[in-house]
Protein chains: 2
Amino acid sequence: MSNLKILLDESDIPTHWYNVVADMPNPPAPYLGPNGQPVTPEMMSAIFPPGVLEQEMSAERWIPIPEKVREIYRLWRPSPLYRALPLEQMLDTPAKIYFKYEGVSPAGSHKSNSAVAQVYYNKIAGINRITTETGAGQWGSALSLAGNMFGVTIRVYMVKVSYDQKPMRRTMMQTWGAEVLASPSNLTEAGRQILAQHPDSQGSLGIAIAEAVEEAASRKDTNYTLGSVLNHVLLHQTVIGLETRKQLEKAGDYPDVIFAPCGGGSNVGGMMFPFLADKAAGKNIRLVAVEPTSCPTLTRGKYAYDYGDSAGLTPLMLMYTLGHNFMPPGIHAGGLRYHGDSPLVSQLCQEGLIEAVAVPQVATFEAGVLFARAMGIIPAPESSHAIRAAIDEALRCKQTGETKTILFTLSGHGHFDMSAYEKYLSGELQDLNYPEADLQDSLQHLPNISI
Amino acid sequence: MSNLKILLDESDIPTHWYNVVADMPNPPAPYLGPNGQPVTPEMMSAIFPPGVLEQEMSAERWIPIPEKVREIYRLWRPSPLYRALPLEQMLDTPAKIYFKYEGVSPAGSHKSNSAVAQVYYNKIAGINRITTETGAGQWGSALSLAGNMFGVTIRVYMVKVSYDQKPMRRTMMQTWGAEVLASPSNLTEAGRQILAQHPDSQGSLGIAIAEAVEEAASRKDTNYTLGSVLNHVLLHQTVIGLETRKQLEKAGDYPDVIFAPCGGGSNVGGMMFPFLADKAAGKNIRLVAVEPTSCPTLTRGKYAYDYGDSAGLTPLMLMYTLGHNFMPPGIHAGGLRYHGDSPLVSQLCQEGLIEAVAVPQVATFEAGVLFARAMGIIPAPESSHAIRAAIDEALRCKQTGETKTILFTLSGHGHFDMSAYEKYLSGELQDLNYPEADLQDSLQHLPNISI
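Read on for an overview of the structure. (Residues numbered from 1 in each chain as written. Chains lettered and ligands numbered in written order. Predicted model: local features only at pLDDT ≥ 70, side-chain atom pairs only at ≥ 80, totals over all residues. Heavy atoms only, no water.)

**Looking at the sheet that holds strand E8 (residues 179-183) of chain B**
Residue and element names in this part refer to chain B. Strands sit in the order E8-E7-E6-E9 across an open sheet of 4 strands; the sheet is parallel. Two strands close off the open sheet at either side, each with one partner strand: E8 and strand E9 (222-224). Across the sheet, the mean angle separating the axes of adjacent strands is 25° when strand polarity is ignored. Sheet topology places strand E7 (residues 153-159) next to E8; 5 bridges connect them, and they run parallel. Bridging from a neighbouring strand, Arg155 pairs with Glu179 of E8. The sheet contacts of helix H6 (residues 138-150) involve strand E6 (129-134) and E7, and relative to E6 the element is tilted by about 160°. (Pairing = 2+ DSSP bridges. Helix = DSSP H or I, 4+ residues; strand = E, 2+ residues; numbered from the N terminus. Axes fitted to C-alpha atoms, helices over the stretch in contact; angles between N-to-C directions. Contact = heavy atoms within 4.5 Å.)

**A word on the relation of the copies chain B and chain A**
Between chain B and chain A, which share one sequence, the superposing operator has a rotation angle of 180° and an axial displacement of 0.0 Å; the RMSD is 0.0 Å. The superposition of one copy onto the other is thereby described by a two-fold rotation axis. Across chain B, the smallest distance between a C-alpha and the rotation axis is recorded for B:His415, namely 3.4 Å. Looking at the interface residues of chain B, 100% of them are also at the interface in chain A, so both copies use one shared face. (Least-squares fit on C-alpha atoms with pLDDT ≥ 70 in both.)

**What about unusual backbone geometry?**
Of note, the bond from A:Arg77 into A:Pro78 is cis; its omega dihedral lies within 30 degrees of zero at -10°. Position of A:Pro78 relative to the elements: it lies in the loop between helix H3 (67-73) and strand E4 (81-83). One non-glycine residue, A:Val229, lies in the positive phi region at around 70°. Structurally, A:Val229 can be placed in the loop between strand E9 (222-224) and helix H11 (231-251). We note that B:Asp92 has phi near 55°; this positive angle belongs to a residue other than glycine. With respect to the secondary-structure elements, B:Asp92 resides in the loop between helix H4 (85-91) and strand E5 (96-101).

**Re the interface of chain B and chain A**
For interface size, the figure often reported is the accessible area lost on association. Tallying the contact residues gives 45 residues for chain B and 45 residues for chain A. Summing both sides of the interface, chain B and chain A together bury roughly 3900 Å²; the carbon and sulfur share of this comes to 59%. For the side of chain B that touches chain A, the residue count by class is 25 nonpolar, 10 polar and 10 charged. (Buried area = accessible area lost by both parts, 1.4 Å probe. Nonpolar A, V, L, I, M, F, W, Y, C, P; charged D, E, K, R; others polar.)

**Describing the sheet that holds E4(A)**
All names here are of chain A. The strand order across the open sheet built from 7 strands is E1-E4-E5-E15-E10-E11-E14, with neighbouring strands paired in mixed fashion. Two strands in the sheet have a free side with no partner beyond their single neighbour: strand E1 (5-6) and strand E14 (355-359). Two strands pair when backbone bridges link them, and strand E10 (residues 257-261) and strand E15 (residues 405-410) are joined in this way by 3 bridges, in the parallel orientation. Opposite Ile258, over in E15, you have Leu407 as the bridge partner. Where H11 meets the sheet, it contacts E1, E4, strand E5 (96-101) and E15, and its direction lies at approximately 140° from that of E5.

**Digging into the pairing of E6(B)**
Residue and element names in this part refer to chain B. By the criterion of burial, E6 is predominantly enclosed, with 6 of the 6 residues buried. Side-chain alternation along E6 places Arg129, Thr131 and Glu133 on one buried face and Ile130, Thr132 and Thr134 on a second face that is also buried. Both E6 and E7 contribute to a ladder of 6 bridges, which runs parallel. Note that in E7 the partner of Thr132 across the bridge is Val156. In this view, the connection linking E6 to its parallel neighbour E7 by way of H6 has right-handed handedness. Taken together, the 3 bridges between E6 and E9 define a ladder with parallel strand orientation. Within the sheet, the bridge partner assigned to Arg129 lies in E9 and is Thr222. (Buried < 20%, exposed > 50% of the residue type's maximum accessible area, 1.4 Å probe, protein only. Right-handed = clockwise from strand over helix to strand, strands pointing away.)

**Digging into empty space enclosed by the protein**
Counted by the stated rule, this structure contains 7 cavities of 30 Å³ or more. Roughly 630 Å³ of internal volume is contained in the largest cavity. In this structure, the largest cavity is lined by 34 residues; those nearest its centre are A:Tyr101, A:Val104, B:Pro80, B:Tyr101 and B:Val104. Among the residues forming the lining of the largest cavity, the class breakdown is 23 nonpolar, 9 polar and 2 charged. (1 Å grid on protein atoms, 1.4 Å probe; cavity = no way out; pocket = protein on both sides within 12 Å on 5 of 7 lines; lining within 4 Å. Points joined across faces, edges and corners; volume = space filled by probe spheres on them.)

**Some points on the environment of A:Gln55**
Along the chain, the position of A:Gln55 falls in helix H2 (residues 50-57). When residues no more than four places from it in sequence are discounted, the contact partners of A:Gln55 are A:Trp17, A:Ile63, A:Tyr121, A:His232, A:Leu235 and A:His236.

**Regarding the packing of aromatic side chains**
With the rule as written, the count across this model stands at 28 aromatic pairs over all chains. Note on A:Phe371 and A:Phe408: the rings are 6.1 Å apart at their centroids and 75° apart in plane angle, and the pair reads as edge-to-face. With A:Phe371 in helix H15 (residues 361-375) and A:Phe408 in strand E15, this residue pair connects regions lying 37 residues apart in the sequence. Residue class for A:Phe371 comes out buried when judged on its relative accessible area of 0%. Ring centres of B:Tyr18 and B:Trp62 lie 5.3 Å apart, and the angle between their planes is 55°; on these two criteria the pair is classed as tilted. Placement of the pair is B:Tyr18 in strand E2 (residues 16-18) and B:Trp62 in strand E3 (residues 62-64), with a sequence separation of 44 residues. Chaining the aromatic ring pairs together yields one cluster made of A:Tyr82, A:Phe99, A:Phe371 and A:Phe408. Cation over ring: A:Arg170 sits above A:Tyr163, and NZ or CZ is 4.3 Å from the ring centre. The lysine or arginine in question, B:Arg245, covers the ring of B:Phe275, its NZ or CZ lying 5.2 Å from the ring centre. (Phe/Tyr/Trp six-rings, centres within 6.5 Å; stacked < 30°, edge-to-face > 60°. Lys NZ or Arg CZ within 6 Å of the ring centre and 35° of its normal.)

**Thoughts on the state of the cysteines**
Residues and elements named next belong to chain A. Evaluation of the coordinates by the stated rule reveals 0 disulfides over all chains. You can see Cys262 has no disulfide; the closest cysteine sulfur is in Cys349, sitting 7.2 Å from it. Between Cys295, a free cysteine, and Cys262, which holds the nearest cysteine sulfur, the sulfur-to-sulfur gap is 9.7 Å. (Disulfide = S-S within 2.5 Å.)

**A closer look at the packing of helix H5 (residues 112-124) of chain A against helix H6 (residues 138-150) of chain A**
Residue and element names in this part refer to chain A. Interaxial distance between H5 and H6 falls to 8 Å at its minimum, and their mutual angle equals 45°. Compared by their axis directions, H5 and H6 come out oblique. Of the two possible hands of crossing, H5 and H6 adopt the one that is right-handed. The residues of H6 that touch H5, namely those facing Ser112, Ser114, Ala115, Val116, Gln118, Val119, Tyr120 and Lys123, are Trp139, Ala142, Leu143, Leu145, Ala146, Gly147 and Phe150. Of the residues belonging to the contact of H5 with H6, the class tally is 10 nonpolar, 4 polar and 1 charged. (Parallel < 35°, antiparallel > 145°, perpendicular 65-115°, else oblique. Left-handed = near helix turned anticlockwise from the far one by under 90°.)

**Structural notes on the pattern of salt bridges**
Close approach of charged atoms allows side chains of opposite charge to pair. In this structure the tally under the stated criterion is 50 salt bridges over all chains. For the salt bridge of B:Glu10 with A:Lys5, the shortest nitrogen-to-oxygen distance reads 3.2 Å. With B:Glu10 in the loop between strand E1 (5-6) and E2 and A:Lys5 in strand E1, the pair connects residues from two separate chains. Overall, B:Glu10 belongs to the buried group, its relative accessible area being 6%. The salt bridge partner of A:Glu71 is A:Lys68, with a shortest N-O separation of 3.5 Å. Of this pair, A:Glu71 and A:Lys68 both sit in helix H3, 3 residues apart, which is roughly one turn of the helix. Take A:Lys68: its relative accessible area is 34%, and that puts it in the partly exposed class. Each of A:Arg286, A:Glu355, A:Glu393, A:Arg396 and A:Lys404 takes part in one network of salt bridges that share partners. (Salt bridge = Lys/Arg side-chain N within 4 Å of Asp/Glu carboxyl O.)

What follows is the structure in structure tokens.
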């Protein structure tokens with residue numbers, strides 16, 4: 001019997017993060033302020049610590065991972081790489097399928113990789129209080145876990161509809177000592193304004209971001225963190241791809257194609273960036289971001305400067321965007337409901353180094369259940385997007401007889417998403433579409449900045 | 001930095017289960033039928049396959065694990081042994097603390113170790129349909145996962161109150177293709193009788209067992225499975241202790257004391273039996289079963305023949321029991337609410353080789369939260385019983401300065417128990433007591449069989 005799991009020792013946890021900026025064909029476009037001029041680190045220092053800002057702007061190829069961060073990574077890292085033999089057999093495909101399983105983190109997803117690092121840089125900057133927002137709860141959970149490890153107080157503004165519908169995620173954060181508030185709250189000006197107009201508001205990620213940023217900007221002792229999109233977040237996630245490279249070497253293999261689910265881009269960057277230099281050097285490897293058809297940022301969005309939040313508080317970033325007013329339908333993969341995307345991932349898509357596909361909700365759950373029956377692990381709905389694309393590729397190989405090596409990121413488990421599975425299994429789940437007119441309207445209201 | 005996780009290769013998955021019967025000072029007492037005569041394998045063959053019955057009666061020391069079972073074990077085994085350094089630091093204890101983490105199984109607990117084996121022996125006996133009962137849902141989940149792997153239909157009678165209150169566990173089983181029914185149901189005579197008298201019955205484990213056994217006994221194509229108590233179940237769980245021995249050897253260590261949570265005894269047997277021969281040979285090692293004070297089978301029960309179920313349908317077993325009519329309070333560690341205990345564990349307690357302690361509910365959750373903050377992992381309430389005892393031992397070591405090596409089984413994660421954590425964190429959780437008169441009454445109604 002060959003091994004299903006390719007494991008590494010804790011001494012194999014990467015000592016450095018990989019910064020893709022060093023190997024990109026062109027330097028990243030700068031973030032712009034409201035005046036159209038590049039944003040300086042000083043302007044962001046009200047809410048981010050120096051260590052994070054330095055990484056956000058860095059062009060150094062290798063950035064050392066602090067020993068204290070590696071020490072906490074040891075609680076779950078290196079994560080296992082699986083050879084999905086039972087899935088291959090179930091699909092009767094000649095392709096080889098590997099997946100990197102990030103659900104082994106206590107918080108249940110890859111998000112912890114960046115949460116630990118971000119809390120660390122705040123801690124050494126003397127910051128003992130951090131705010132953030134969370135929708136589905138993955139990022140809030142990861143940050144709560146990390147805050148707990150460093151003795152840093154975490155306040156999570158949780159979108160009210162999730163706060164009410166996902167009490168288990170809320171309790172998970174509280175178990176690690178975090179304070180969780182329903183957003184909109186009456187603790188911020190942003191929240192109070194919304195509540196004055198809409199006392200029954202169910203909240204939104206845009207409102208929650210506004211509350212968390214407002215509080216961090218107004219208190220010297222408090223900073224803000226984000227779980228995706230920004231350069232430093234993707235940098236921290238490269239431990240995924242770096243470990244995977246080592247594990248595949250151990251297995252004597254190399255991927256022909258890599259799939260990762262794509263919302264803000266932290267999975268895509270984390271897994272694919274460490275393979276990007278090979279690709280840029282002409283290696284025949286496909287890097288494919290997988291997004292939902294109901295929020296098709298990379299496949300149907302415009303490459304343009306836009307705000308990162310719906311309220312227009314953040315700097316302008318050059319990225320694929322559906323427009324910051326775009327409201328995606330309420331699919332169950334809450335982590336993929338984002339109008340924009342990582343500027344780094346967007347630029348690499350624009351330059352043809354990363355591709356994108358979109359998959360619909362029902363087919364995604366079908367793939368998730370098929371995977372659970374083959375491998376046991378019940379995937380998060382976000383992760384199932386990559387599974388869908390990987391299965392489709394394996395089935396194409398079955399038709400063509402190609403023995404491709406397929407790799408994907410299984411970014412998290414679905415233990416807190418069972419109500420979505422219940423809907424799928426009972427036949428109630430449907431594909432959700434946005435009105436085409438809404439998308440066109442949203443795309444016409446982008447900030448007017450030429451690139 | 002020393003490693004937190006001591007890992008084994010898949011080739012280190014044990015090739016044989018260890019049968020403690022071979023090393024017990026005295027042979028196990030036989031199960032008795034209603035007539036007081038020993039039960040024969042033939043009498044149990046209506047609901048169990050030959051492979052299982054053979055193991056139930058075996059005195060062979062080593063029993064080969066079928067290759068097909070080892071193949072499925074590879075999905076999550078060998079499970080990691082952790083050196084709990086962050087917990088040691090938090091407690092400021094000179095003791096070393098290790099724990100074996102069984103929550104890495106896709107079903108979330110050690111239960112899968114026996115579920116896979118039991119489904120396998122049914123499958124090779126031509127049985128493609130299995131019934132079982134589940135309360136909290138751990139066993140039902142494990143059996144559903146295993147049934148899915150072998151293409152065996154699983155029907156789970158789930159206690160109605162759990163069916164209604166734990167929809168996520170229900171959906172998990174359905175995701176793996178199992179059929180889940182609320183018990184009492186109108187599909188069995190036992191269920192119909194209850195519903196006729198109590199149309200609003202919330203069910204009980206005793207009723208669910210009765211329904212599952214009735215269906216299995218009345219259909220030639222259907223067998224029944226049990227997730228704890230019986231010899232073959234504990235046998236299958238010995239992979240836990242066998243792997244742990246190997247992992248401790250790798251770490252150059254040996255335990256002074258082992259703690260495992262105890263409901264029906266499958267954790268205790270699984271972890272401790274492989275260390276029992278050492279103990280019987282005079283090695284200075286303490287083996288301690290940890291049970292809830294609200295269901296104190298080993299610490300306050302009587303060593304006597306009693307039924308395994310509340311309805312008196314099963315054979316009589318010589319075990320520690322609170323009486324089959326004893327109704328434990330509704331603590332959140334549903335897996336530990338059992339009036340009896342494994343006959344093997346009971347006999348070894350009676351002979352002084354295994355000890356028992358009882359811990360109350362609030363202190364147990366306090367230990368679980370402390371553990372989650374030290375190690376990240378949120379434990380199942382059942383598992384937290386062993387954590388409580390291990391922490392107490394480590395704190396004693398702090399007082400005495402002893403550098404003991406403490407080992408415990410972390411039998412599962414608490415992802416589906418967050419509502420219990422919510423109660424604890426909000427201060428609503430209380431210690432639950434049974435009326436002493438009820439216990440005395442229950443103990444006076446044991447079957448009249450001299451031992």
